[in-house]
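Tertiary structure, described
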Amino acid sequence: MIRLHITAEGQTEQAFAKIVLTPQLASFHVFVDARCVLTSKDKRASREYRGGLLSYEKAKKDIQNWLKEDNHPECRFTTMFDLYALPDDFPGVMQAKAQLDHYKRVEMLEAAMK
């Protein structure tokens, strides 16, 4: 069985992963786990706040932490971010904004993020 961990931008993407992707991928023996991007922590209250892609660096750190937490060979990781509202520090976002073809824009962003 494969575990697919999805880092989602917000609650809408997380709900889509849970409601739509989870049952569909289960038939292929893929277990889906989705969580929103960590945006902040309140250490005094031992509380995490998730949802909203405020900066690429915060998302990157959250993804890297999850990679460390579950580094088993059966795990896969992916992201689900809105294309239209990426933060300015997202890799390649300024160059991609000039691209009119949405598919090419996504290819550029994926290559820059890699």
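Thresholds applied
Residue numbers run consecutively from 1 along every chain, following the written order of its sequence. With pLDDT at 70 or above as the cut-off, local features in this predicted model cover only qualifying residues; side-chain atom pairs require 80 or more to be listed or tallied, and sums for whole chains, interfaces and linings still use all residues. The basis for every side-chain value is the complete set of heavy atoms in the structure, and neither hydrogens nor water enter the calculation. Whenever Lys or Arg places a side-chain nitrogen within 4 Å of a carboxyl oxygen from Asp or Glu, that contact is recorded as a salt bridge. Numbered from the N terminus, helices here are DSSP runs of H or I no shorter than four residues, and strands are runs of E no shorter than two. Only protein chains enter the accessibility calculation, which uses a 1.4 Å probe. A residue is then buried if its area is under 20% of the maximum for its type, exposed if over 50%, and partly exposed in between. Any two of the Phe, Tyr and Trp rings considered here, Trp counted by its six-membered ring, make a pair once their centres fall within 6.5 Å; the pair's planes then place it as stacked at under 30 degrees, edge-to-face at over 60, or tilted in between. By the criterion adopted, a ring carries a charge over it if an Arg CZ or a Lys NZ lies within 6 Å of its centre and within 35 degrees of its normal. Nonpolar cores are built from buried Ala, Val, Leu, Ile, Met, Phe, Trp, Tyr and Cys residues. Side-chain atoms within 4.5 Å join them into one set. What makes two residues a contact is simply this: any of their non-hydrogen atoms within 4.5 Å.

Focus on the pattern of salt bridges
- Tallying each qualifying case throughout the model produces 5 salt bridges.
- Between Asp70 and Arg3 there is a salt bridge, with the nearest N and O atoms lying 2.6 Å from each other. Pair noted here: Asp70 is in the loop between α2 (56–69) and β5 (75–80) and Arg3 is in strand β1 (residues 2–8), with a separation of 67 residues, a long-range link.
- For Asp70, a relative accessible area of 10% corresponds to the buried category.

A few points about the packing of aromatic side chains
- The full count for this structure, using the stated rule, is 3 aromatic pairs.
- On the basis of an interplanar angle of 80° and a centroid distance of 6.0 Å, the ring pair of Trp66 and Phe77 is categorised as edge-to-face. Of this pair, Trp66 sits in helix α2 while Phe77 sits in strand β5, placing them 11 residues apart in sequence.
- Within the aromatic cluster, the residues linked to one another by ring pairs are Tyr56, Phe81 and Phe90.
- Lying across the ring of Trp66, Arg35 places its NZ or CZ 4.0 Å from the centre.

Thoughts on the nonpolar core
- Counting residues in hydrophobic clusters, the biggest one holds 11 residues: Val37, Leu53, Tyr56, Ala59, Ile63, Phe81, Leu86, Phe90, Val93, Ala96 and Leu109.
- Among the secondary structure elements, those contributing two or more residues to this core are α2 and α3 (93–97).
- Not counting residues up to four positions away in its chain, the partners in contact with Leu53 are Glu9, Val37, Ala59, Phe81, Leu86 and Pro87.
- One finds Leu4, Ile6, Val30 and Ala34 within the second-largest nonpolar core, a separate group that totals 6 residues.

Things to note about the environment of Gln99
- Within the secondary structure layout, Gln99 lies in the loop between α3 and α4 (102–113).
- Leave out the neighbours within four places in its chain, and Gln99 touches Lys104, Arg105 and Met108.

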